Amino acid sequence: MKITIWATSMLAIILSAAMSIADGSGRITGHVFDSYSQSPVAGATVVVDGTQFRAQTGNDGAYTINNIPAGVYILRVDKTSAMQRVAVAAGQTVTADFRLSGSQNGPSAPESAV
């Protein structure tokens, strides 16, 4: 029974990766941090400029945007000027982290993209 579950899970992972390559899409993942406190920023919206693709960070500051067509994009954190250029390849995952400069009252503006 355990082998069947494991085999089914592995097959689903392989098929998912194959479908991403076949349809020419990739994924962007990363984290948004406050550079002052080094804390993750929950609820930040990460946007792929010029597209409808976006994701909101979780409590751990992490985000994932799936099914991005292969290409070069500008990624930004909404309501800040933090941005960076990313190249997405079919079947690949790109990591793009952001560190926002902030004050004791919370993040306000970007310090730099990591």
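## Structural notes on the confidence of the model for the protein
And then number 1: Confidence in the prediction of the protein, expressed as mean pLDDT, is 82, and 69% of residues score 70 or more.
And then number 2: Scored below 50 in pLDDT, residues 17-21 shows five contacts in the model against residues more than four places distant or in partner chains.
And then number 3: Low pLDDT (under 50) marks residues 103-114, which in the prediction has 33 contacts with non-local residues, meaning those over four places away or in another chain.

## Side note on the nonpolar core
And then number 1: Judged by nonpolar contacts, the single largest core of 20 residues is most densely connected at Ile28, Val32, Tyr63, Ile65, Leu75 and Phe98.
And then number 2: When contributions to this core are tallied by element, the ones reaching two or more residues are β1 (25-34), β2 (45-48), β4 (62-69), β5 (71-77), β6 (83-88) and β8 (98-103).
And then number 3: Residues contacting isoleucine 65, with those up to four places away along its chain left out, are Gly26, Arg27, Ile28, Val46, Val48, Phe53, Arg54, Ala55 and Leu75.

## Some thoughts on the environment of alanine 87
And then number 1: Among the secondary structure elements, alanine 87 is positioned in strand β6.
And then number 2: Linking alanine 87 and tyrosine 73, residues 14 residues apart in sequence, is a C-alpha distance of 6.4 Å.
And then number 3: Apart from residues no more than four positions distant in its own chain, alanine 87 is found in contact with Gly71, Val72 and Val94.

## Thoughts on the pattern of salt bridges
Should the charged atoms of two oppositely charged side chains come close, the side chains can pair.
And then number 1: Evaluation of the coordinates by the stated rule reveals two salt bridges.
And then number 2: Two residues, arginine 76 and aspartate 49, come together in a salt bridge whose shortest N-O distance is 2.4 Å. Taken together, the positions of arginine 76 in strand β5 and aspartate 49 in the loop between β2 and β3 (54-56) put the pair 27 residues apart, joining distant regions of the chain.
And then number 3: According to the relative accessible area criterion, arginine 76 is partly exposed, its value standing at 22%.
And then number 4: A relative accessible area of 29% means that aspartate 49 is categorised as partly exposed.
And then number 5: Taken together, the shared-partner salt bridges connect Asp49, Arg76 and Asp78 into one network.

## Notes on the pairing of β2
And then number 1: For β2 and β3, the ladder comprises three bridges, and the chain directions are antiparallel. By the bridge assignment for β3, threonine 45 is matched with glutamine 56.
And then number 2: A loop of five residues connects β2 with β3, the two strands running antiparallel in sequence, and glycine 50 in this loop sits at a positive phi of about 80 degrees.

Basis of the calculations
Residues numbered from 1 in each chain as written. Predicted model: local features only at pLDDT ≥ 70, side-chain atom pairs only at ≥ 80, totals over all residues. Heavy atoms only, no water. pLDDT = per-residue confidence, 0-100. Contact = heavy atoms within 4.5 Å. Core = buried A, V, L, I, M, F, W, Y, C linked by side-chain atoms within 4.5 Å. Buried < 20%, exposed > 50% of the residue type's maximum accessible area, 1.4 Å probe, protein only. Helix = DSSP H or I, 4+ residues; strand = E, 2+ residues; numbered from the N terminus. Salt bridge = Lys/Arg side-chain N within 4 Å of Asp/Glu carboxyl O. Pairing = 2+ DSSP bridges.

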